[in-house]
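Topology and contacts: notes
Listed below are the residues making up each chain.
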Amino acid sequence: MKFHPTLAICGLACLLTAGSPLFIAHAQEQMAVGASDQDHALLERVERHLDAISLLKARFRQTAPDGKQSTGTAWIDRTNRRMRFQYDPPSPLLLVANHDQVVFNDSQLDQTTTMPMEKTPLGLLLRPHLQLSGDVTVTGLSHDGNVLEITLVRTDSPGDGSMTLIFHDSPLLLRGWIIQDAQQETTRVDLLDASTGGPMPPDSLFSTDLPEQH
């Protein structure tokens, strides 16, 4: 299945070969064997932080591989495992994750793409209990000043793609992610003015019947 290029906003076309298969295997071995107790404690702290988020709302800025930027508003409702990325006009794009599916609509092309949530990195962010182990392998961890970055691949298919979660430290807060595809092109999503908690948005905001919303 060939995905629309702009689906990379949340890594829906998360296809990566970071160099050769040997590079991937080596990265996995380094994290599995050489990770320090401090690294493990940091990963556990990130897991607890994400598990504690019930609702996150933010403005977002997406930077495509060609440098083109677009903006919008994002809602991430981890309690009910759903998400909405609403692009600002004149963009025709809208992405909604709900009912174990991710639905992406381009009203200009009159095109809608649907896929299982667990086949995308969105499934990771919306898991009831996020574990950075098991079917997910950490291949990179960087803690530079007040910025923490964690790169993840699927354990059973590391060549399928990577997702780098970006956090602001002190206090810890998810600030965005970077997706690298099979051609080693990157799409970055920055979450701006993010806030957690607050009243739950109406269910209609997460309707996956996207064609009728345009």
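Throughout what follows, the structure given in this document is the object of discussion. Note that the coordinates shown come from a computational prediction; the quantities given were computed from them, not determined experimentally. (Residues numbered from 1 in each chain as written. Predicted model: local features only at pLDDT ≥ 70, side-chain atom pairs only at ≥ 80, totals over all residues. Heavy atoms only, no water.)

1. A closer look at the overall build of the chain
How we decide: Secondary structure elements are defined from DSSP: runs of H or I of at least 4 residues count as helices, runs of E of at least 2 residues count as strands, and each element is numbered from the N terminus. Relative accessibility decides the category of a residue: with a 1.4 Å probe and only protein chains considered, values under 20% of the type maximum give buried, values over 50% give exposed, and everything between is partly exposed. We call two residues in contact whenever any of their non-hydrogen atoms come within 4.5 Å of each other. Method for areas: the Shrake-Rupley scheme with a 1.4 Å probe, in which residue coverage is limited to the protein chains shown.
The number of helices and strands found in the chain is three helices and 11 strands. Reading the chain from its N terminus to its C terminus gives the helix and strand order α-α-β-β-β-β-β-β-α-β-β-β-β-β. For the chain, with 214 residues in total, the buried portion stands at 47%. Sequence-distant contacts, at least 24 apart, represent 52% of the contacts inside the chain between residues at least 6 apart. Counting every atom, the chain has about 10,700 Å² of accessible surface; 51% of that belongs to carbon and sulfur.

2. Some thoughts on the pattern of salt bridges
As a reminder, the rule being used: Salt bridge criterion: a side-chain nitrogen from Lys or Arg within 4 Å of a carboxyl oxygen from Asp or Glu.
Applying the stated rule across the entire model yields 11 salt bridges. Here Arg78 ties to Asp51 by a salt bridge, and the two come within 3.7 Å at their closest N and O atoms. Of this pair, Arg78 sits in the loop between strand 2 (69-77) and strand 3 (82-87) while Asp51 sits in helix 2 (residues 37-52), placing them 27 residues apart in sequence. Each of Arg81, Asp100, Glu118, Arg127 and Asp135 takes part in salt bridges that share partners, so that together they form one network.

3. Some words on the packing of aromatic side chains
What counts is decided by this rule: Stacked, tilted and edge-to-face pairs are distinguished by plane angle, under 30 degrees for stacked and over 60 for edge-to-face with tilted covering the rest, among Phe, Tyr and Trp rings (Trp via its six-membered ring) whose centres lie within 6.5 Å.
Applying the stated criterion to the full structure yields three aromatic pairs. Relative to Trp177, the ring of Phe85 has its centre 6.0 Å away and its plane inclined at 70 degrees; by these criteria the two rings are edge-to-face. Here Phe85 is found in strand 3, whereas its partner Trp177 is found in strand 10 (residues 173-180), with 92 residues between them in sequence. Like Trp177, Phe85 is buried. A connected cluster of aromatic rings, assembled from ring pairs, spans Phe60, Phe85, Tyr87 and Trp177.

4. Quick look at unusual backbone geometry
The amide bond that connects Pro89 to the next residue, Pro90, takes the cis arrangement and shows omega of 10 degrees. Positionally, Pro90 belongs in the loop between strand 3 and strand 4 (93-98). Going from Ser170 to Pro171, the amide bond is cis rather than trans, its omega being 0 degrees. Position of Pro171 among the secondary structure elements: in the loop between strand 9 (162-168) and strand 10. Positive phi, normally seen in glycine, also occurs at Ser170, with a value near 55 degrees. Tracing the backbone through its elements, the reader meets Ser170 in the loop between strand 9 and strand 10.

5. Thoughts on the nonpolar core
Generally speaking, a soluble globular protein has its nonpolar side chains buried in company with each other. To keep it simple, the criterion reads: Throughout this description, the term nonpolar core refers to a set of buried Ala, Val, Leu, Ile, Met, Phe, Trp, Tyr and Cys residues connected via side-chain atoms within 4.5 Å.
Ile150, Phe167 and Trp177 are the most contacted members of the largest nonpolar core, which totals 40 residues. The dominant element in this core, judged by the number of residues it contributes, is helix 2, at four residues. Sequence-distant contacts of Phe167, that is, excluding residues within four places in its chain, are made with Val46, His49, Leu50, Asn146, Val147, Leu148, Ile150, Leu172, Leu173, Leu174 and Arg175.

6. Re the sheet that holds strand 7 (residues 136-144)
As a reminder, the rule being used: Any two strands between which DSSP finds at least two bridges are classified as paired. Angles here are taken between N-to-C directions and fall from 0 to 180 degrees, while the axes themselves are lines fitted to C-alpha atoms, restricted in helices to the stretch in contact.
Pairing in this open sheet of 11 strands is antiparallel, and the strands run 6-5-4-3-2-1-11-10-9-8-7 from one edge to the other. The sheet is open, and its two borders are formed by strand 6 (111-116) and strand 7, each paired with just one other strand. Going from strand to strand, the sheet's axes swing by 20 degrees on average, the running direction of each strand aside. Lying over the sheet, helix 2 contacts strand 7, strand 8 (147-154), strand 9 and strand 10, oriented at roughly 100 degrees with respect to strand 7.

7. A few points about helix 2
Count 3.6 residues to each turn of an α-helix, and residues three or four apart come out pointing the same way. The test is simple: Each residue after the first adds 1.5 Å to the expected span of a helix. Each C-beta atom gives one direction from the helix axis, and the arc is the one those directions make.
Between its first and last C-alpha atoms helix 2 spans 23 Å; for 16 residues at 1.5 Å apiece the expected length is 22 Å, and the two agree. Along helix 2, the positions that sit buried rather than exposed are Leu42, Leu43, Val46, Glu47, His49 and Leu50. Along the axis of helix 2, the buried positions cluster into a sector of 165 degrees, meaning they face one direction only. Facing away from the buried side of helix 2 by more than 90 degrees, the exposed set consists of Asp37, Gln38, Arg48 and Ala52. Residues of helix 2 that are buried sit in contact with strand 7, strand 8, strand 9 and strand 10.

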